[in-house]
Number of protein chains: 2
Amino acid sequence: MQLSDFHKDFVLHFGEMGSRWGIARTVGQCYAVLFLSDAPLCADDLVEALGVSRSNVSISLKELQAWNIVRLRHVQGDRRDFFTVPEDMWEIVRTLVEERKKREIDPTLTKLRDLRMAEPSEADAYAHGRVTELHDLIETMTGFYDELSHLETERLVAMIRMGAKLKKFIAGSAKVLPLKSKTTEG
Amino acid sequence: MQLSDFHKDFVLHFGEMGSRWGIARTVGQCYAVLFLSDAPLCADDLVEALGVSRSNVSISLKELQAWNIVRLRHVQGDRRDFFTVPEDMWEIVRTLVEERKKREIDPTLTKLRDLRMAEPSEADAYAHGRVTELHDLIETMTGFYDELSHLETERLVAMIRMGAKLKKFIAGSAKVLPLKSKTTEG
DNA sequence: CATAAGTTTCAGTAATTTCTGAAACTTTGG
DNA sequence: CCAAAGTTTCAGAAATTACTGAAACTTATG
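Structural notes, computed from the coordinates.

Quick notes on the rules
Residues numbered from 1 in each chain as written. Chains lettered and ligands numbered in written order. Predicted model: local features only at pLDDT ≥ 70, side-chain atom pairs only at ≥ 80, totals over all residues. Heavy atoms only, no water. Helix = DSSP H or I, 4+ residues; strand = E, 2+ residues; numbered from the N terminus. Rg over C-alpha atoms; globule rule 2.2 N^0.38 Å. Buried < 20%, exposed > 50% of the residue type's maximum accessible area, 1.4 Å probe, protein only. Contact = heavy atoms within 4.5 Å. Lys, Arg positive; Asp, Glu negative; His and termini not counted. Charge placed at Lys NZ, Arg CZ, Asp CG, Glu CD. Expected span 1.5 Å × (residues − 1). Polar contact = N/O pair within 3.5 Å; in protein donor to acceptor, adjacent residues only side chain to side chain. Phe/Tyr/Trp six-rings, centres within 6.5 Å; stacked < 30°, edge-to-face > 60°. Lys NZ or Arg CZ within 6 Å of the ring centre and 35° of its normal. Salt bridge = Lys/Arg side-chain N within 4 Å of Asp/Glu carboxyl O. Nonpolar A, V, L, I, M, F, W, Y, C, P; charged D, E, K, R; others polar.

**Overview of the overall build of chain A**
When you go through chain A residue by residue, the secondary structure sums to eight helices and three strands. If you list the helices and strands of chain A from N to C, you get α-α-β-α-α-β-β-α-α-α-α. Computed over the C-alpha atoms, the radius of gyration of chain A is 23 Å, more than 25% above the 16 Å expected from 2.2 N^0.38 for a compact globule of 186 residues. If you line up chain A on its principal axes, its C-alpha atoms span 65 × 45 × 30 Å. Out of the 186 residues belonging to chain A, those deemed buried represent 46%. Pairs at least 24 residues apart make up 53% of the contacts formed inside chain A by residues separated by at least 6 positions. Charge centroids of chain A, computed over 26 positive and 29 negative side chains, lie 3 Å from each other.

Written as structure tokens, this is what we have:
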């Protein structure tokens with residue numbers, strides 16, 4: 001499992017981006033190697049490819065599995081665990097969004113719901129209003145997300161590719177739908 | 001600037017979530033305090049409210065400004081710098097998405113473009129294909145994002161609230177538009 | 001049940017990131 | 001130009017997170 005220069009370039013980039021994406025360097029690199037690989041790989045393949053410790057790879061693979069973005073695969077006649085990444089990239093995107101929502105949004109949604117419940121004292125009136133507004137906004141967005149997430153990939157992609165056409169449809173409906181906004185200011 | 005229990009609860013949550021959101025604890029807490037505040041606050045208000053060092057607040061405010069999510073405000077007859085968060089939450093969301101795209105996606109887009117350019121050796125053929133596919137996918141998504149980002153907030157929100165109605169429109173168009181997918185070639 | 005092939009755990013170390021406090025710097029008004 | 005009020009910088013301390021290597025554990029097979 002020596003990596004070609006092409007592979008290395010990609011893999012190192014994923015390692016560097018890791019910290020921005022909220023994952024450890026090795027986790028990003030493991031993912032990158034699996035992403036580029038035609039065939040399923042075992043932990044030792046990754047150790048060799050990346051030159052990191054076996055335990056590091058083991059933990060990184062666990063994390064990737066926790067994220068649901070690598071899959072365990074068993075190879076006929078081999079006792080070792082092998083891993084792959086789904087072929088379908090839209091599937092990958094879906095999972096990534098879902099998992100990030102789970103980690104980065106859902107806990108806050110819960111907290112906002114709780115805070116909103118509390119009967120605010122005089123001094124907290126403004127803050128309570130802000131919390132309420134934020135909670136409503138996030139619910140609106142996650143509601144939209146939930147609807148999209150149930151679409152078949154084909155339709156979702158169709159929509160994404162639609163772009164400008166979508167705009168026109170919205171433009172038409174916007175006149176009809178009552179909008180909740182800070183009164184037209186101009 | 002003593003924080004009420006209500007404020008504290010919110011602020012501590014933002015601090016804890018910070019690491020998941022890719023910001024330091026104090027950065028998250030500063031933002032939270034500003035978010036809940038009716039009036040603009042100066043650095044020392046935050047020092048007092050959070051019990052952290054002046055320099056920490058200073059750096060945190062710089063980071064928040066780098067993210068474009070707090071604004072410098074000058075108060076009549078006061079030499080100090082004051083800070084606020086935009087009132088309009090959709091504005092905040094736009095900025096957040098824009099900045100995260102800049103940090104988490106754009107560098108990878110550049111890298112993928114470069115890798116795609118390279119003429120792949122025999123051994124890199126599969127990997128090169130994966131890179132190409134990933135590049136196409138991200139361009140499709142950022143293209144869609146660019147279009148949406150130019151919509152006025154009113155229309156954007158109208159669209160998000162539309163949900164189910166949007167589905168029907170897509171369903172109709174999907175039959176008409178040629179879809180690029182695994183099963184259907186050219 | 002013994003062994004070998006493989007995986008996981010964990011205590012300690014290394015690396016990185018965040019935070020502090022003091023010093024340096026900037027700006028305004030006299 | 002000086003003094004006062006404010007802001008920024010930065011070297012080192014503290015805290016957190018990532019990584020290693022060795023030991024413990026698991027499981028398939030003779």
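**Let's talk about helix 5 (residues 89–117) of chain B**
Compared with the 42 Å implied by 1.5 Å per residue over 29 residues, the 40 Å span of helix 5 of chain B between its first and last C-alpha is a close match. In this structure B:Asp88 caps helix 5 of chain B, since a side-chain oxygen of it lies 2.9 Å from the backbone nitrogen of B:Trp90.

**Concerning the packing of aromatic side chains**
Under the criterion given, the structure shown has 10 aromatic pairs over all chains. For the pair B:Phe14 and B:Trp21, a centre-to-centre distance of 5.0 Å together with 80° between the ring planes defines the contact as edge-to-face. With respect to class, B:Phe14 is no different from B:Trp21; both count as buried. One aromatic cluster is present, built from ring pairs that chain together A:Phe10, A:Phe14, A:Trp21, A:Tyr31 and A:Phe35. Seen from the ring of A:Trp67, A:Arg103 lies directly overhead, with NZ or CZ sitting 3.8 Å from the centre.

**Some thoughts on helix 3 (residues 43–50) of chain B**
Because an α-helix packs 3.6 residues into every turn, residues spaced three or four apart end up facing the same way. Residue and element names in this part refer to chain B. Along helix 3, six of the eight residues are buried, which leaves the element largely enclosed by surrounding structure. Within helix 3, burial applies to Ala43, Asp45, Leu46, Val47, Ala49 and Leu50. Summarising the contacts, the buried residues of helix 3 are in contact with helix 1 (5–21), helix 2 (25–36), strand 1 (41–42), helix 4 (54–66) and strand 3 (81–84). One or two positions beyond helix 3, positive phi appears at Gly51, with a value near 65°.

**Description of the interface of chain A and chain B**
The partner chain B presents 66 residues to the 64 residues of chain A that form the contact. A salt bridge links B:Asp9 to A:Lys111; its shortest N-O distance comes to 2.7 Å. Ranked by residues supplied to the side of chain A that touches chain B, first place goes to helix 6 (residues 125–149) of chain A with 12 residues. Of the residues contributing to the side of chain A that touches chain B, the split by class is 34 nonpolar, 11 polar and 19 charged.

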